[in-house]
Amino acid sequence: MNDSELAGRVAVVAGGSKGTGPEEVAEVTAFLASPRAAAVAGAEYTVDGGTVRAV
């Protein structure tokens, strides 16, 4: 998969929700890849612009 194809997939996934774009997905990804997330294990994150009302 090249960068253009990946960007298109991210846009489709992230673009489906109001207020959510590739930048928000990238921020969560960057956090999870950083040392600040060293204690995070077995978690699932939904980046949807707050459209989910309950967990």
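Computed from a predicted model, the values in this text were never measured in an experiment.

(A) Representation of the overall build of the protein. Counting its regular elements, the protein contains 2 helices and 0 strands. The 55 residues of the protein split such that 13% are buried. Split by element, the accessible area of the protein, about 4500 Å² in all, is 57% carbon and sulfur.

(B) Geometry of the environment of valine 47. The topology assignment puts valine 47 in the segment after α2 (22-32). The class of valine 47 is partly exposed, set by a relative accessible area of 28%. Sequence separation between valine 47 and valine 25 is 22 residues, and the spatial gap between their C-alpha atoms is 6.3 Å. When neighbours within four sequence positions are excluded, valine 47 is seen to be in contact with Thr20, Glu24, Val25 and Val28.

(C) Local environment of a nonpolar patch on the surface. On the surface, a nonpolar cluster with roughly 250 Å² of combined accessible area is contributed by Leu32, Val40 and Tyr45. Mapped onto the elements of the fold, leucine 32 is located in helix α2. Given the relative accessible area of 36%, leucine 32 is considered partly exposed.

Rules of the game
Residues numbered from 1 in each chain as written. Predicted model: local features only at pLDDT ≥ 70, side-chain atom pairs only at ≥ 80, totals over all residues. Heavy atoms only, no water. Helix = DSSP H or I, 4+ residues; strand = E, 2+ residues; numbered from the N terminus. Buried < 20%, exposed > 50% of the residue type's maximum accessible area, 1.4 Å probe, protein only. Areas by Shrake-Rupley, 256 points an atom, 1.4 Å probe, with all protein chains shown as cover. Contact = heavy atoms within 4.5 Å. Patch = residues over 30% accessible without salt bridge, like charges linked within 9 Å, V, L, I, M, F, W, Y side chains within 5 Å. Salt bridge = Lys/Arg side-chain N within 4 Å of Asp/Glu carboxyl O.

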